[in-house]
There are 2 protein chains.
Amino acid sequence: MSDRVFDVDPYAITTTRLADDRMRLIESMTSTGNAHMGMRGNFEEGYSGDTHRGTYIAGVWFPDKTRVGWWKNGYPEYFGKVINATNIIAVDIEIDGEKVDLFTGTHDDFRLRLDLRNGLLERSFVYATASARVHLEFARFLSIETPELLLQRVRVTVLDGAPHVRLTPRLDGDVHNLDANYGEQFWSEASRGMAPVPHLSLRTIPNPFGTPQFTVTAGMTAAAAGLEPGRAIDAPLQVGEVFAGALAAGGAAELVKTTAVVTTRDIHQAQHVEAVARLLTASASRSFEEHLAAHTALWEQRWARAQVVIEGDDEAQQGIQFNLFQLFSTYYGEDERLNIGPKGFTGEKYGGATYWDTEAYLVPLYLALASPDVTHALLRYRHRQLPQAGHNARQQGLAGALYPMVTFNGIECHNEWEITFEEIHRNGAMAHAIYLYTRYTGDRSYLEGDGLEVLVEISRFWADRVHFSRRAGAYMIHGVTGPNEYENNVNNNWYTNYLAAWVLAYTSDTLDDLPAERAAELGVSDDERTQWRAITENMYLPVDEAMRVNVQHDTFLDKDLRSVDTIPADQRPLNQNWSWDRILRSCFIKQADVLQGMYLFEEDFSTDELRRNFEFYEPMTVHESSLSASIHAIVAAAIGKQDKAIELYRRTARLDLDNYNNDTEDGLHITSMSGAWLSIVQGFAGMRATDAGLAFAPFCPADWTAYSFTVGYRDRVLAVRVAADRVEFTLAGGEPLPITVFGEPRTVDGTLSVEIPAAG
Amino acid sequence: MSDRVFDVDPYAITTTRLADDRMRLIESMTSTGNAHMGMRGNFEEGYSGDTHRGTYIAGVWFPDKTRVGWWKNGYPEYFGKVINATNIIAVDIEIDGEKVDLFTGTHDDFRLRLDLRNGLLERSFVYATASARVHLEFARFLSIETPELLLQRVRVTVLDGAPHVRLTPRLDGDVHNLDANYGEQFWSEASRGMAPVPHLSLRTIPNPFGTPQFTVTAGMTAAAAGLEPGRAIDAPLQVGEVFAGALAAGGAAELVKTTAVVTTRDIHQAQHVEAVARLLTASASRSFEEHLAAHTALWEQRWARAQVVIEGDDEAQQGIQFNLFQLFSTYYGEDERLNIGPKGFTGEKYGGATYWDTEAYLVPLYLALASPDVTHALLRYRHRQLPQAGHNARQQGLAGALYPMVTFNGIECHNEWEITFEEIHRNGAMAHAIYLYTRYTGDRSYLEGDGLEVLVEISRFWADRVHFSRRAGAYMIHGVTGPNEYENNVNNNWYTNYLAAWVLAYTSDTLDDLPAERAAELGVSDDERTQWRAITENMYLPVDEAMRVNVQHDTFLDKDLRSVDTIPADQRPLNQNWSWDRILRSCFIKQADVLQGMYLFEEDFSTDELRRNFEFYEPMTVHESSLSASIHAIVAAAIGKQDKAIELYRRTARLDLDNYNNDTEDGLHITSMSGAWLSIVQGFAGMRATDAGLAFAPFCPADWTAYSFTVGYRDRVLAVRVAADRVEFTLAGGEPLPITVFGEPRTVDGTLSVEIPAAG
């Protein structure tokens, strides 16, 4: 199943193979970003073979029309999509008049390397024309020191001949989205010019939906040692410079191109040219190498608090390093208006928008690896969008707030009804993230303040969305899609019902703990509170008494139940081989569903219950969501299935590296990048944030010598190292930290070493 | 709820009110067609207010791209749509340089009339400019004698002043579809010219799906008495002629424009110009009035065998006349490659393609009102598309044949998964139409020949589409949409399961009646036949034992069950006022579902069963499908609920006339036009085609003096007249006909008169 194009290297993505038919995969894997912008690992000089050229700017999007005869009331008006922006990496190269192109040309000694510590992307090869051979070396990175900047270096060294070399660094605005039906373009040129620096402004075309237009301006400077400046390029959607000259055998030339990108999200359009010029002027005081050193130093600070080290398994190390690197390249909490898109800056397919993945899978990681402010920013992002969530609920004729499945601005903007107004469990994840934050930090101020406003509106939604079944004498939730998106429009999805009941209880409990005025302030009536308790207490939860398992939804057990190992290997992944009809009707599960709920509310269940449900559902689970394997790994570890946990960890950690789901060519699975970390920390190390503080129950996978990681917790930083027989906790400073290890209360003050009991 | 724009007139659509805000509705209602082509009731001179200009050519369509991020395996590749074709009615009119426009200009004495016997559309009004007043009169019809021809006449009579009058008859190819996302055009000009007649050829743009491109060529001739020819129009997408001159007070001018339209469906593109010229030359030998007389005579022949007369109720008469007129304008069986689109030539919304409506609602009408050849052609249409139906099944990974929900060429081309591969009950309707034809005609040759090939492949589909539920010990069908499209993706829809089991039994029975070689010829194995019987005998059918009703689908009874009268009037129709989410979750039923099945298989159920199910479901039914009221009217009549039957008849008969569903502006509900006829003949007259021949159990609605209709049956034509106390059967000729009246066997030979017992 795996599809390994890159070498195993603990801290880099490297290859010496240029596979024409795998270019999109290679481009995805070598994507880089700095939270402000990012791009796929496209080639500077262009590539005439199959390629997906993509540059994306954080927060810049377009509302695409999608009415193709199917629109009904309550459907979103538009499909929001991230849009492919100006190609800023372009550097055309001609050797004796021949355009360098790795698809058509003769080349040798190809090397590609993405450094997973600092995001430096390097590439080199020997290129031969009829008259000459040259060695070409490329390096580029997106600065995390000055996120508007892209820095590039291109070196040409002559091996044979005395070729005429021509380098054309440029900005190219002639870009399209992959998914445009009729090649429609979402940009038009707003302005361009050559002074004070070559610059190009693109503006998104007008839209009928009242969402903002964006202008993105890129400006560049370039300098080439060893070549002479030629006539500049200044044409529609194109600006650039030209450097050319004859090089002697053994001679060399070096081009440094610096590009600055600003948008109307931050700077008024009229100031754009001035802004990019200022950024470029400031950057000119340092060389490419000096910029790289400053940028790398900042990355080192990030690793100091987040590095995971796996001793004795380079594949595993590469997996976790790749994931954390890509995650931090996408989001590091600097811009509160942003959230974390499922593909980051690496592709278009999921619209680059905000999904529930943030709350469900990323909050636990950012709580542990970054300042609580980052999570606080993510929570406030949703609070700020409460009015839009109200709008989404009203679109369905419902009270309260419905957070969107996909959004750029809080308004639902996906285009599948079975997702947009049926996959409503996401609304519970918004509430649960508040709970996670409060429990982890011990700080109730967000919960009792803005958080409660969010909880109340989500509760109102659930209270209106349930109905009372007279036949069953219970509240039900019909017409939903659970986390298992391989079923749509089911009734009484256990996970959704459980989560909805929990939200109503959590909101009620929070209100009960506060003075009555707080409820009055929020306009919550006694009748509402009574109703919320009634729903909590009378929520229908499908359970099979004979098997003693929670049932995924009402008629799940009527299916032809069978395990995944009955599917022929050549029919996997199902979503690429089976019709949607067959997938929907089959028993096979895309990702944790009942188990997702039991993971979130683990304390509500005995280990036996957890085991019974795991053993019933996991064999039917194909893990074709990037969000699946990690949750299963954690649950497997919790019920003592260490081998299963390790198997599932490998899948999540190397999902993209080994292209498990055969879709990495579309972009990386950014929001599941936390899965490997969760599998190690919550799975192998058994870490839980409980009311009593952090708890651990670690084991070390047999193939590893040891692993270590660091978590921040209530103003302290705790380092954990787990070897086969022993776990060591080290507190870098601060007050002594009470923790629980294998169920026993302990205190860490300096270093605490605890023996790991042999597995039963 | 009703919305009556037109006067009540038994044989015409007339109005003297030009309501600016109802133009689309008016255009729909005055649509005309002749099976070859058709158009909405647009104004010749143009109209600058809100309008939907539409001309449609039978069998000419385009596969539109619809991939907007949602495509999954098994989804159709394209969305087939009827495309708006050349505007052939255009005649611009200027009075003293002012363009006549009823939206902006001063006018009076407006009259509009569509003759429901022959399709002549007439319009007249007095138009005033600053300098003159003129009377303008328009007449046009699409010939059923020569279906390529449109004939038009425009008269100008000067009332005041001595205006300069300019008439510009032209062909206008600058047309768009209403539903294009980005205004994309589906046509490009293939050629145009002025000799031998002004002509314009449009060709559909290329498509990536391999479906044929079409060229449509229109040519015109025009002659104007009282005006002089001016400079012709010959510009991109436009050709035409100009006639102008000064008219004295009391003076008049008359323009006759004849247009011929041919397509590459019939004639090679290279011969188009010659073909239209030949048609126009031939037509020139007769005047407009002579053409009209010949055309009207052919319509009279149609009415002689299909006329329904309702004595004493002009509204009811107008309803049935309008319906039969529109139906015959859409399809009269001449072209075997065609079928009957839900909107005929009156709009774009349902893609103008073939739906299951044909088999379910139109076959019974055409069997009775036209030669059996017409139904035979409709059956052969499906047999010819058996390979494509196999393709559709294979797209879902299934065996056998899946007839499409929507198609132009047999390949599924709609774009909602919940319809395309879930509303599979349609596959049963294909089989049932064979059964209806065989039973009505007594001719088993189609059934045992081509029909059996269709039945076997449909049976193979069902046998693969069911699954065996070990828990229930029965076969089930999960993941379907029943006829009630206000629910999607349900399990064990009673109608679908019952119909599927019936198909398997009918196919098995048919095979059993034939020599074993026939099964061998068709490659049907004994194992297959055993399996089909097993499924028939063990099909799960949801039934509620307490209420003794058939249950619409597995969890229907868990809903918040309530009757339609609990919905506030301002929330109807639901599909325009409620979100799709709310509609899906509610108990409200769009159209007959369980009752559709009990209607089809009435003989399987007692009257008590029928009554219990009617009384349970009808109160929850909103009849927001044009296909609903008629089936309910028939069932209501069968269980003695005459008042309910009459109420539902009115709704179906005047659905468009009174715009019940508030969507007639999009076009007429052509395929439900049979509903009024079915309600009268199967409902009020209680006609059934049984194995023993035709049976009747008539009553006459209290508000009517009497009603009469004619049916063809096995080479005879039977006229039926039903008054309050007596039904009279008259055989026009042929062998005496045994029939059943009120359960008693009788014979019609000449005239038979039977007393109607007083209602109990």
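Each value, and the rule that gives it
Residues numbered from 1 in each chain as written. Chains lettered and ligands numbered in written order. Predicted model: local features only at pLDDT ≥ 70, side-chain atom pairs only at ≥ 80, totals over all residues. Heavy atoms only, no water. UniProt positions renumbered as here; feature names shortened; annotations may be inferred. Helix = DSSP H or I, 4+ residues; strand = E, 2+ residues; numbered from the N terminus. Buried < 20%, exposed > 50% of the residue type's maximum accessible area, 1.4 Å probe, protein only. Contact = heavy atoms within 4.5 Å. Areas by Shrake-Rupley, 256 points an atom, 1.4 Å probe, with all protein chains shown as cover. Lys, Arg positive; Asp, Glu negative; His and termini not counted. Charge placed at Lys NZ, Arg CZ, Asp CG, Glu CD. Buried area = accessible area lost by both parts, 1.4 Å probe. Salt bridge = Lys/Arg side-chain N within 4 Å of Asp/Glu carboxyl O. Polar contact = N/O pair within 3.5 Å; in protein donor to acceptor, adjacent residues only side chain to side chain. Nonpolar A, V, L, I, M, F, W, Y, C, P; charged D, E, K, R; others polar. Pairing = 2+ DSSP bridges. Axes fitted to C-alpha atoms, helices over the stretch in contact; angles between N-to-C directions. Least-squares fit on C-alpha atoms with pLDDT ≥ 70 in both. Arc of directions from axis to C-beta.

If you check an unreviewed UniProt entry, chain A appears there as Maltose phosphorylase from Microbacterium thalassium. The record in UniProt for chain A states the following under Sequence similarities (unreviewed entry): "Belongs to the glycosyl hydrolase 65 family."

Novice: Tell me about the overall build of chain A, and name the residues and values.
Specialist: The secondary structure content of chain A amounts to 20 helices and 34 strands. Viewed in the frame of its principal axes, chain A has a C-alpha envelope of about 85 × 60 × 55 Å. Residues counted as buried form 64% of the 760 residues belonging to chain A. In chain A, once contacts between residues fewer than 6 apart in sequence are set aside, the share between residues at least 24 apart is 66%. Put simply, chain A shows about 25100 Å² of open surface, and 48% of that area lies on carbon and sulfur atoms. Across chain A, the centroid of the 67 positively charged side chains sits 2 Å from that of the 104 negatively charged ones.

Novice: Residue-level account of the interface of chain B and chain A, with values.
Specialist: Taken together, the 55 residues of chain B in the interface contact 55 residues of chain A. For the chain B and chain A pair, buried surface summed over both sides reaches about 5000 Å², with 46% attributable to carbon and sulfur atoms. One can count eight salt bridges joining chain B with chain A. Across the pair R470 of chain B and D560 of chain A runs a salt bridge, and its minimum N-O distance is 3.3 Å. Linking chain B with chain A are 32 residue pairs in polar contact (both at pLDDT 80 or more). Residue assignment for the side of chain B that touches chain A shows that the elements contributing at least two residues are β5 (61–64), α8 (417–420), β23 (467–469), α14 (574–577) and α15 (580–585) of chain B. Looking at which element gives the most residues to the side of chain B that touches chain A, the answer is α15 of chain B, with five residues. In terms of residue class, the side of chain B that touches chain A is made up of 16 nonpolar, 19 polar and 20 charged.

Novice: Break down the sheet that holds strand β21 (residues 252–263) of chain A for me, with residues and values.
Specialist: All names here are of chain A. Spatial ordering of the open sheet is given by β1-β9-β10-β11-β12-β21-β16-β15-β14, a layout of nine strands whose pairing is antiparallel. Two strands bound the open sheet, and with one partner strand each, they are β1 (12–15) and β14 (187–193). Along the sheet, successive strands turn relative to each other by an average axial angle of 15 degrees, direction set aside. Of the pairings in the sheet, the one linking strand β16 (residues 215–225) to β21 comprises ten bridges and is antiparallel in character.

Novice: Tell me about the relation of the copies chain B and chain A, residues and numbers included.
Specialist: Superposition of the two copies of the chain requires a rotation about an axis together with a shift along that axis. Mapping chain B onto chain A is achieved by rotating through 180 degrees and translating by 0.0 Å along the same axis, at an RMSD of 0.0 Å. What the rotation and shift describe, once combined, is the action of a two-fold rotation axis. Relative to the rotation axis, the closest C-alpha in chain B is found at N489 of chain B, a distance of 3.3 Å. When the interface residues of chain B are mapped onto chain A, 100% of them again fall at the interface, so both copies present the same face.

Novice: Give me the lowdown on the UniProt feature "active site" (unreviewed entry) in chain A, citing residues and values where you can.
Specialist: All names here are of chain A. UniProt marks E485 with the feature "active site" (unreviewed entry), using the numbering shown here. Residue placement: E485 occurs in the loop between β24 (474–476) and α11 (494–512). In contact with E485, other than residues within four places in its own chain, are M405, I419, E423, W580, K590 and Q591.

Novice: Which residues make up helix α17 (residues 607–617) of chain B, and what are the values?
Specialist: Residues and elements named next belong to chain B. Residues of α17 that are buried: L610, N613, F614, F616 and Y617. Taken down its axis, α17 places every buried residue within 165 degrees of arc, on the same side. Turning to α17, the residues buried within the fold contact β26 (549–550), α16 (594–600), α18 (628–638) and α19 (642–653).

Novice: Report on the pattern of salt bridges, specifying residues and quantitative values.
Specialist: All names here are of chain A. Taken as a whole, this structure holds 111 salt bridges over all chains when the rule is applied. The closest approach of N and O atoms between E359 and R382, which form a salt bridge, is 2.8 Å. One end of the pair, E359, is in helix α5 (residues 357–369); the other, R382, is in helix α6 (residues 372–384), with 23 residues separating them in the sequence. Side by side, E359 and R382 carry an identical accessibility label, which is buried. Residues participating in the shared-partner salt-bridge network are E44, E45, R123 and R140.

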